[in-house]
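Residue strings, one per chain:
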Amino acid sequence: MAADLEAEVQAIDKSLLECSAEEIAVQWLQANDLQKEVYQHLAYYVPKIYCRGPNPAPQREDMLAQHVLLGPMEWYLCGEDPAFGFPKLEQANKPSHLCGRVFKVGEPTYSCRDCAVDPTCVLCMECFLGSIHREHRYRMTTSGGGGFCDCGDTEAWKEGPYCQKHEINTSETAEEEDPLVHLPEDMVARAYNIFAITFKYAVDILTWEKENELPGLEMIEKSDTYYCMLFNDEVHTYEQVIYTLQKAVNCTQKEAIGFATTVDRDGRRSVRYGDFQYCDQAKSVIVRNTSRQTKPLKVQVMHSSIVAHQSFGLKLLTWLGSVIGYSDGLRRILCQVGLQEGPDGENSSLVDKLMLYDSKLWKGARNVYHQLFMSSLLMDLKYKKLFAIRFARNYRQLQRDYMEDDHERAVSVAALSVQLFTVPTLARMLITEENLMTTIIKTFMDHLRHRDIQGRFQFERYTALQAFKFRRVQSLILDLKYVLISKPTEWSDDLRQKFLEGFDAFLELLKCMQGMDPITRQVGQHIEMEPEWEAAFTLQMKLTLVISMMQDWCALDEKVLIEAYKKCLNVLMQCHSGFTDGEQPIVLSMCGHSVETIRYCVSQEKVSIHLPVSRLLAGLHVLLSKTEVAYKFPELLPLSELSPPMLIEHPLRCLVLCAQVHAGMWRRNGFSLVNQIYYYHNVKCRREMFDKDIVMLQTGVSMMDPNHFLMIMLSRFELYQIFSTPDYGKRFSTENTNKDVVQQNNTLIEEMLYLIIMIVGERFSPGIGQVNATDEIKREIIHQLSIRPMAHSELVKALPEDENRETGMENVIEEVACFKKPGLTGRGLYELKPECARNFNLYFYHFSRAEQSKAEEAQRKLRRQNREDTALPPPALPPFCPLFASLVNILQSDVMLCIMGTILQWAVEHNGYAWSESMLQRVLHLLGMALQEEKQHLENLSEENVVTFTFTQKISRPGEAPNNSPSILAMLETLQNAPHLEVHKDMIRWILKTFNTIKKLRESSSTSPVAETEGNIMEESSRDKDKAERKRKAEIARLRREKIMAQMSEMQRHFINENKELFQQTLEELDTPTSGVHENSPVISDAKLTALGPEQTRVTEHRQVVMCILCQEEQEVKVDSRAMVLAAFIQRSTVLSKNRSKITPDPEKYDPLFMHPDLSCGTHTGSCGHIMHAHCWQRYFDAVQAKEQRRQQRLRVHTSYDVENGEFLCPLCECLSNTVIPLLPPPRVLFNRLNFSGQPNLTQWIKTISQQIKALHLLRDEDCNSGNSEKMDQLQLPEGFRPDFKPKNPYSESIKEMLTTFGTATYKVGLKVHPNEEDPRVPIMCWGSCAYTIQTIERILADEDKPLFGHLPCRQDDCLKSLTRFAAAHWTVSSLSAVQGHFCTLLASLVPNEKNGGLPCILDIDMFHLLVSLVLSFPAIHCQEFSGVSLGTGDLHLFHLVTMAHIIQILLTSSTEENGMDQENTNSEEEVAVLTLYKFLCQCTGSALKEISSGWHLWRNLKAGIMPFLRCSALFFHYLNGVPAPSEIQVNGTNQFEHLCSYLSLPNNLTCLFQENSEILNTLIESWCSNNEVKRYLEGKRQAISYARESNKLIDLPDDYSCLINQASNFSCPKSGGDKSRAPTLCLVCGTMLCSQSYCCQTELEGEDVGACTAHTYTCGSGVGIFLRVRECQVLFLAGKTKGCFYPPPYLDDYGETDQGLRRGNPLHLCKERFKKIQKLWQQHSITEEIGHAQEANQTLVGIDWQHL
Ligand SMILES: [Zn+2]
Ligand SMILES: [Zn+2]
Ligand SMILES: [Zn+2]
Ligand SMILES: [Zn+2]
Ligand SMILES: [Zn+2]
Ligand SMILES: [Zn+2]
Ligand SMILES: [Zn+2]
């Protein structure tokens, strides 16, 4: 069947290919009814091309469509071959100067914070780089797709609208010119025809709703072929869809994932193809399966030809988009066609039709036509305007559709609003001509229909669906914001009228919010259900900016402001109609004043936090002052109609509510109330909530008698009784002992005093006080920084943002703060300048309670440090604007003085209950404010003015009869000596001092002198003098102590945080006395130190006594005692790899005996250096295991470590470990029978060894085929060789066990196999791990330019020592014959014998690995040797042999460029010798080797190439034999090479080795060179590693982060055909970009589905990976499938902060030091450890499915 189909399709293709586009076009040109002709053509061909089978074949379809369908259209349009026609058009075109680049998902976009008209104005990367804005303050974001570059749009930029590229086209500013004049007339006509027909065809077919017919097209042959089409929705999850599909259409999971991915991306996908019944059946299964909980998935059975035409319809739209790209004239014609009204009148244009059908189209179709709109209508200035009008007229309908639709906003046509409404001229035009403001607000209101009886919004009983719609309707507020964002510079009467009309609508909206969500205090029982509060606050929060912008608009025009003020007042009156209805007015009187008010208790009646109308009026009132309208046109304002008590009533209630909540009176109302109070004060809302309530009270007080205001306030606070009754306090404390009530009242009094402080003191908004906007923001910053130094982003978060997302902070920050740069961790901080501290106000109204007390503490501490007194007096304040000027009188009003007097009286009497210190503190603050006020009045006194502020007089007057209370001043003097008020003394002293200053000022200005008790005060102060002196001294002493303590703890904290690693080392260094003396402390000072061979320096090993961290017991490290072990972590590593693409061989069969020099995968062992008894560790590990099993059964949670894999955390430092290394004394001593007489030279030694090997082979052969004793006889056993001798194992049982444990662990991890201690590969893996670990450490030291010895942290030193000694001892627990076998094979690679064939050639062997393995396996042979040859001799000969092989290896692969460098013609001995050697090599290789005549170059090359090997060997023999390193190689310096050679018992002239041993070496070299692989290499047929191998580094990262974003946005998923990847992730090790966290790129790994990153780690990093998640700007560490963590990226903004998640958008640049730190983590193999620590610190990291990334 399939084959038939294939054949059929091919047949059709052939007939199709015979079509001639030109002929068809000619036909069309002559046609009378072009539409009919074209339609017939399409009706015939489209179904033949599209939808021929179950799966789309986009390439074939595109090719045929271009040939058969689009080709003729292009011919017709051009009137000639389009291959000539289009370029001609393009040339003649005068292109627009708009860039208009449509953004891809994830593409970087840039906005200039200085020049963009609003934040939606963005540039593409190319334009940005060519613009002036790159030098400005800019912001970078990644596009969510859609939207386009605004380069060239003069309305979008205040400055620099063109980039260099688009500037060129502006030279001829022919804006008004009709682009059609550039087109020939006949082409205009043809374009018009073909565009009209094709556009209509596309629109008709896409909006077609019948399943079996076609619009205006005949079905040529009606076959029974259908598609079962599955559509996307936002309700069902990926998993649900995949599951359902598997069931419904019987496909594999992979296919189902494919379907689901396409549905998600394109919005629809056919999931079955066949006859109607077949498809319908699938449909019903899908519907049935998905309809249970939610609405079912949308599925439709569609005839194949409909689907075909729809496919082509979309193709046509794309084609139109590209054709108009050739010419602006064509673009204009298409716009004209699109917007032309059809025969059905209104809304019948093609554009209207598409827009109105939008919500019914699938995602892919929407994207296509939106793109077309963007490249046509939005690119043509004339038609953009017409389109905007169409859009505005359809606005209501479009929004209604969008509300019904469940797709995200980005794919809805409604989202185009941002392109239209943010253009200032369009917005203005739409407001005046289409009444857009009103339309948007009314549409919004339409969708929020739920109201209570008073007509207010009610969200309480919202269903899930309504809540969903509520979320969607919020986008309308965004539209409103767009319309308002650019403010008019000129007002026409029309604009005024329409704006005010919109303002009316807006007031209607606010009216529905005024008083919504009212609450009543719960007494007795706790509320049962938390009431819904979030919706109301969401609305408030979203509207906040709009409310502010409305005020900004009003401020721009006096007429508008006056009208708006009247309207707002009017609406407020409507809200408050019935304000006093049914309430009995009551009369309050105090201090001879009385006022009438209503009876109302916040604690008993309904109260609401939502008062937007009151607050808007408060805002407008301030504007009256700010714009001076209040002074210029008082007659036009309804000021006399204002009723101050009415204005203040509701805001006051709200503030009282906050106070009562704070006093704990509303506890039973639950958390919802607490949350509401929180947001009321929060920076997101406060500007239009809390702040405006304060303004309203200020407005009220400034218009009424302050005594009246205070009485009403007392009454609302429910404190009137307390202050209006004389001696209430006394009676209160005796009569009422209810502690709670006393406490409550105390808090309420404190809160009320705080409120008065705010009313008087908050005058930093322009219009209230005589300040400007800069002063306001400076004050905010000063107070934030008074708490503590802060990072830029913290400050931004604490400050309110305007509609342009600006806080205005950057303009002023330099004036008030200094910037401190960040170190390697942490971030840059702003610190308050010392001189700004005097502006600190303890009662700053935006402080939270916690912030207030932190700030108080910080400021007092600062003053103590500066040796100032610790009083925090109120700062001097700017004067009020005239409209508010009278409100300062509240401070000297009778009721205020009465309140202050009463509280001071309480303090003097000092009864335990009825007063509190913070009450007193506030009174003192108020007194201070009043004195400051009076002082300023006096200082600014001008001749004609009389100072009416006479606070000092008033507080000097004693109370009147009957109380005869002392004056406030007198009470202060009393309190100054009160022992219980020590803390407030500084403040009282400050008050009295200020009082005196004022008195002097008064006297000097000779206005009414104050006759008071001066002497008294003076006396007072002298008496205090020596007391103060003593106190001062004590204070200084205390300060010094404190400072030292603080410094110490600071140093410690700093140390730990900033330098974690170092700290750990130091800790260990402190620990080290337990682990004995270090060997690298020189014991033998003067003698020449030699690490190996018969000449090896003898050192007596110190007794090594160590302490177990678990049982704290000490023990000596000895062969026969209980084993001591180090916690260790073994991991596979590719850090040194030179070949990351190598395929890992089957671990079961892999032979690891020879390490390839590409080091593609090694086994690394690390340790934290903590020592335990083996049995203590065993017990600990068993306990961990048991606990973990219990925990997993109970909780099913993961831990940061995998117990089943033997992982555990070091009990001391919680470092991840997976095994332990035993501690051993130097193992060679045990087997080295010292005998220095008559040691053989290399040649003799090799001969002997070869004989021994031969003997062993024979013995083994004999074992196999027994009875072959003849051969045995033939063999003469070398003298003293006793192959039957079995050496005795010297170690204790416990040590043996640990040798096996660690060996098996190395084998298991290194090969990724199941543990098997018998496997002969176990010892190989141990030697390998030892060699590899030494190599990694050598590289780290070399890269950091550190000397070889003396700079290793203890943990590494201990680890390497233990690891080397362990590896040397391991052969004692493995099979002797296996180890002997390994030695024989290893040696055979250099000294060939007939038994071992097929070994790698010397180019393919890592010589250091070979050396380590040979040396460590050699004792297995040597133990049977009794002829007196020392083990050291063997070591030395092996070392020399391998070194020579390495030299040959280096010379063979040397890539010396002879003339690369200036050479000195010294012709030293070394140079001559190496040249001779090279010539010999040339001979051996048959002259295939490159001719080199410069010994100088060769020698330098050789020295450089062999250095790493020598350094590794030095480390190896040092740890093996315990010979201390000579002091010369413990520091950096010259002659390192010579010192190394001497330590390693090598001649300085390495080539001497060859000369000394030429007898055997010449043969060996010849045999090495004759290897086939070597020949192939020399012939250039294969590659080889050359030396020295360069260290691996992480990839180079660009300095500018946006380069990476750009790179990532160009990256598409490698698996799903050109799709943009959602989470592009960069491997920092190899630079591969991956498509992470996505179904499309999941692969199977060891039977599990894993994401692209995890899969990549297995090839690139052997399970460990370091990635940069580009969209998130976050580093990702992965290890294995279950471990991972995020790490701060190495990119910082100018403020020294990272931006994880790219939320702030500040430009980011690479911080090299931080990147180096990450690189070091990688080189040190600490990634896994880092993950472990991160997961231990943050448990949520454990739960993440890392393998899906
Ligand atoms: Zn651009
Ligand atoms: Zn540009
Ligand atoms: Zn700029
Ligand atoms: Zn112990
Ligand atoms: Zn540890
Ligand atoms: Zn990689
Ligand atoms: Zn992918």
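Residues numbered from 1 in each chain as written. Chains lettered and ligands numbered in written order. Predicted model: local features only at pLDDT ≥ 70, side-chain atom pairs only at ≥ 80, totals over all residues. Heavy atoms only, no water.

For glutamate 74, the location among the structural elements is in helix H4 (residues 58-78). For glutamate 74, a relative accessible area of 11% corresponds to the buried category. For the pair glutamate 74 and tryptophan 319, spaced 245 residues apart in sequence, the C-alpha separation works out to 9.9 Å. Excluding its chain neighbours within four sequence positions, the residues that come into contact with glutamate 74 are Gln66, Glu80, Pro82, Phe86 and Trp319. A polar atom in the side chain of glutamate 74 sits 2.7 Å from the side chain of tryptophan 319. (Helix = DSSP H or I, 4+ residues; strand = E, 2+ residues; numbered from the N terminus. Buried < 20%, exposed > 50% of the residue type's maximum accessible area, 1.4 Å probe, protein only. Contact = heavy atoms within 4.5 Å. Polar contact = N/O pair within 3.5 Å; in protein donor to acceptor, adjacent residues only side chain to side chain.)

Here we come to the coordination of the zinc ion (ligand 6). Bound to the zinc ion (ligand 6) on the protein side are Cys1627 (SG), Cys1630 (SG), His1656 (NE2) and Cys1660 (SG), at distances that span 2.0 to 2.3 Å. For the zinc ion (ligand 6), the 4 donor atoms are set out with angles of 105 to 116 degrees between them, so the coordination reads as tetrahedral. Given a relative accessible area of 12%, histidine 1656 falls into the buried group. (Donors = N, O, S within 2.8 Å, 3.2 Å for Na, K, Ca; no water. Tetrahedral: all angles 85-135°; square planar, octahedral: opposite > 155°, others 65-115°.)

Before going further, it helps to examine the packing of helix H56 (residues 1431-1453) against helix H61 (residues 1558-1569). The description of two packed helices rests on the angle between their axes and on the distance between the axes. The N-to-C vectors of H56 and H61 enclose an angle of 50 degrees; their axes lie 11 Å apart at closest approach. The angle between H56 and H61 falls in the class oblique. When you trace H56 past H61, the crossing you get is right-handed. On H61, the residues that touch Leu1441, Met1444, Ala1445 and Ile1448 of H56 are Leu1561, Leu1564, Ile1565 and Trp1568. By residue class, the composition of the contact of H56 with H61 is 8 nonpolar, no polar and no charged. (Axes fitted to C-alpha atoms, helices over the stretch in contact; angles between N-to-C directions. Parallel < 35°, antiparallel > 145°, perpendicular 65-115°, else oblique. Left-handed = near helix turned anticlockwise from the far one by under 90°. Nonpolar A, V, L, I, M, F, W, Y, C, P; charged D, E, K, R; others polar.)

Further remarks concern empty space enclosed by the protein. Within the structure shown, the criterion is met by 15 cavities of 30 Å³ or more. Within this model, the largest cavity holds a volume of roughly 250 Å³. Looking at the lining of the largest cavity, the elements with two or more residues in it are helix H51 (1321-1343), helix H54 (1407-1417) and helix H58 (1495-1521). Among the elements that take part in the lining of the largest cavity, H58 stands out by supplying 4 residues, more than any other. Each pocket or cavity is described by its volume, and for the second largest cavity that value is around 120 Å³. Lining the second largest cavity are 14 residues, with Val1135, Gly1661, Val1664, Trp1722 and His1725 positioned closest to its centre. (1 Å grid on protein atoms, 1.4 Å probe; cavity = no way out; pocket = protein on both sides within 12 Å on 5 of 7 lines; lining within 4 Å. Points joined across faces, edges and corners; volume = space filled by probe spheres on them.)

This paragraph deals with the packing of aromatic side chains. Applying the stated criterion across every chain yields a total of 52 aromatic pairs. Ring centres of phenylalanine 1302 and phenylalanine 1366 lie 4.5 Å apart, and the angle between their planes is 80 degrees; on these two criteria the pair is classed as edge-to-face. With phenylalanine 1302 in helix H50 (residues 1293-1311) and phenylalanine 1366 in helix H52 (residues 1354-1369), this pair connects stretches of sequence that are 64 residues apart. Like phenylalanine 1302, the residue phenylalanine 1366 is buried in the burial classification. Plain terms: the ring middles of tyrosine 1601 and tyrosine 1691 are 4.8 Å apart, the flat faces sit at 70 degrees to each other, and that makes the pair edge-to-face. Here the residue tyrosine 1601 occupies a position in helix H63 (residues 1601-1609), and tyrosine 1691 occupies one in strand E24 (residues 1691-1692), the gap between them amounting to 90 residues. Each of the two residues, tyrosine 1601 as well as tyrosine 1691, counts as buried. Each residue in the set Tyr369, Phe373, Phe387, Phe391, Tyr395 and Phe421 is aromatic and connected to the rest through ring pairs, giving one cluster. Above the face of the phenylalanine 231 ring, lysine 298 is positioned so that its terminal group lies 4.3 Å from the ring centre. The ring of tyrosine 402 carries arginine 472 above its face, with NZ or CZ at 4.2 Å from the centroid. (Phe/Tyr/Trp six-rings, centres within 6.5 Å; stacked < 30°, edge-to-face > 60°. Lys NZ or Arg CZ within 6 Å of the ring centre and 35° of its normal.)

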